[in-house]
Amino acid sequence: MRKATKIRIYPTTEQAAFLNRQFGAVRFCYNTGLRIMSHRYQRHGQSLSAKHDIKKLLPVAKKSRKYGWLKEADSIALQQACRNLDNAFQRFFDPAQKAGYPRFKSQRGKQSSYHCVGIQADGNWIRVPKLGPIKAKVHRKVEGKLKSITLTRTVTGKHYASLLFETEQAAPAPLKDVDAAGVVGLDMGLSHLAIDSTGHKTSNPRFLTQAAANLRRKQKALSRCQKGSRRRSRARLLVAKAHERLTNARNDFQHKLSRQIVDDNQAVIVETLKVRNMMKNTRLAKHIGDASWYALAAKLDYKAMEKGKRLVRIDPWFASSKTCHVCHHKMDAMPLSVRSWKCPACQTHHDRDINAALNIKHQGMIHLKAEGLSVSAHGGSRKSGMSPVAA
Ligand SMILES: [Zn+2]
């Protein structure tokens, strides 16, 4: 089984300068590869492959006088840049993902480099090729063989290392049968982060909404600054910092919440977002809500996998809000303003969100059964649903 952990690292000034050059080399390979591929296609109608054609150019470039400086960087990191570019094109060509055309990496954005040969990690340092040990803060040691280290630098200038280990520990056996009481459906509401099928609603804690408001304020200030001005670059840093604070606080909260949900249930059912909508969404509040949900589902997914439990994502086109969970009567329309309604067919009163969560749970159980799991309806005294998390 593979386990990942992300730690903060503290390079010295010289190490940071070296990393800066290395990030630059990685970015250069990615951007140059992208430029060559776009050009070849537009001018000559020729489709190159980043992981073959572009990668082959690396040794040539290193021998040249102009690009000889690429030799200074870890060659694995440069090869990985080509692979990443290839993945970006794969995403672009995959009709299911509907990703945009690959974009150039900016010097101002988040930087990263990947290393898998000549790497080491110990209690308080890590080592990557061509550099001495870098001071690190390891919170919990992972037993196993270190497979790769990905170094990153955030927009605000903090350095991190993501370590991937391969452990001897076998992945837990997948579920064979579940208890209906151990299956929970989760829905994303307008005013709540998650509503579960037992009727429990989890809001984003106050410190998160405050952090979001702070980000919004800083972003507005940024948009008022003149392009290219010094004030603007300062405002941009403030936005990045506010963004970072929000992301960290949200991750922290979601780790606790997802741990609890996975501990309390055997299978968790969520509705996937229409990813394309999420990417295109420019309204900040909505965007943050969507991104939040997306991140929570990702955490639920890997935590469930570690425990041999299941996360099921159901089709976003399934009309979870419009369908009565008791008699499956489907309403023609269900405007967002309707918070509760009465089913005209069976006269049941519904809370909009809880009804949707119950439908999602039901749909997920159909999915689990279709996969060959047996779902028993009588649950005994199993605890289900989620209990509130202390924020
Ligand atoms: Zn009904």
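The rules behind these values
- Residues numbered from 1 in each chain as written.
- Predicted model: local features only at pLDDT ≥ 70, side-chain atom pairs only at ≥ 80, totals over all residues.
- Heavy atoms only, no water.
- Helix = DSSP H or I, 4+ residues; strand = E, 2+ residues; numbered from the N terminus.
- Buried < 20%, exposed > 50% of the residue type's maximum accessible area, 1.4 Å probe, protein only.
- Contact = heavy atoms within 4.5 Å.
- Areas by Shrake-Rupley, 256 points an atom, 1.4 Å probe, with all protein chains shown as cover.
- Domains from an automatic or database assignment.
- Core = buried A, V, L, I, M, F, W, Y, C linked by side-chain atoms within 4.5 Å.
- Patch = residues over 30% accessible without salt bridge, like charges linked within 9 Å, V, L, I, M, F, W, Y side chains within 5 Å.
- Salt bridge = Lys/Arg side-chain N within 4 Å of Asp/Glu carboxyl O.
- Donors = N, O, S within 2.8 Å, 3.2 Å for Na, K, Ca; no water.
- Tetrahedral: all angles 85-135°; square planar, octahedral: opposite > 155°, others 65-115°.

**A look at the overall build of the protein chain**
In step 1: Helix and strand counts for the protein chain stand at eight helices and 16 strands.
In step 2: Structurally, the protein chain occupies a C-alpha span of about 80 × 55 × 45 Å along its principal axes.
In step 3: Expressed as a percentage of its 391 residues, the buried residues of the protein chain come to 41%.
In step 4: Long-range contacts, defined here as pairs at least 24 residues apart, represent 69% of the contacts in the protein chain between residues at least 6 apart.
In step 5: Surface summary for the protein chain: the accessible area is close to 22200 Å², and the carbon and sulfur share equals 52%.

**Quick notes on the domain arrangement of the protein chain**
In step 1: On domain assignment, one finds that the protein chain holds domain 1 (2-166) and domain 2 (177-202 + 265-376).
In step 2: A straight line from the C-alpha centre of domain 1 to that of domain 2 covers 37 Å.

**Quick word on the nonpolar core**
In step 1: Of all hydrophobic cores here, the largest spans 26 residues; its most connected members are L186, I261, V268, V270 and L300.
In step 2: Among the secondary structure elements, those contributing two or more residues to this core are strand 9 (183-187), helix 4 (206-224), helix 5 (230-264), strand 12 (267-271) and helix 7 (284-306).
In step 3: Per-element accounting of this core gives the leading share, eight residues, to helix 5.
In step 4: Counting 20 residues, the second largest nonpolar core, distinct from the first, contains A25, L48, L70 and A73.

**Quick look at a nonpolar patch on the surface**
In step 1: Together, F92, F93 and Y101 make up a nonpolar patch on the protein surface, roughly 320 Å² of accessible area in all.
In step 2: Counting through the fold element by element, F92 comes out in helix 3 (residues 75-93).
In step 3: In this structure F92 comes out as partly exposed when scored by relative accessible area, which is 30%.

**With respect to the coordination of the zinc ion**
In step 1: Looking at the zinc ion, one finds its protein donor set to be C324 (SG), C327 (SG), C343 (SG) and C346 (SG), positioned 2.3 Å from the metal centre.
In step 2: The coordination sphere of the zinc ion comprises four donor atoms, whose angles at the metal cover 106 to 111 degrees; the geometry is tetrahedral.
In step 3: If you list the donors of the zinc ion from N- to C-terminus, the spacing comes out as C-x2-C-x15-C-x2-C. In this pair, C327 sits in the loop between strand 13 (310-314) and strand 14 (340-342) while C346 sits in the loop between strand 14 and strand 15 (349-351), placing the two residues 19 residues apart along the sequence.

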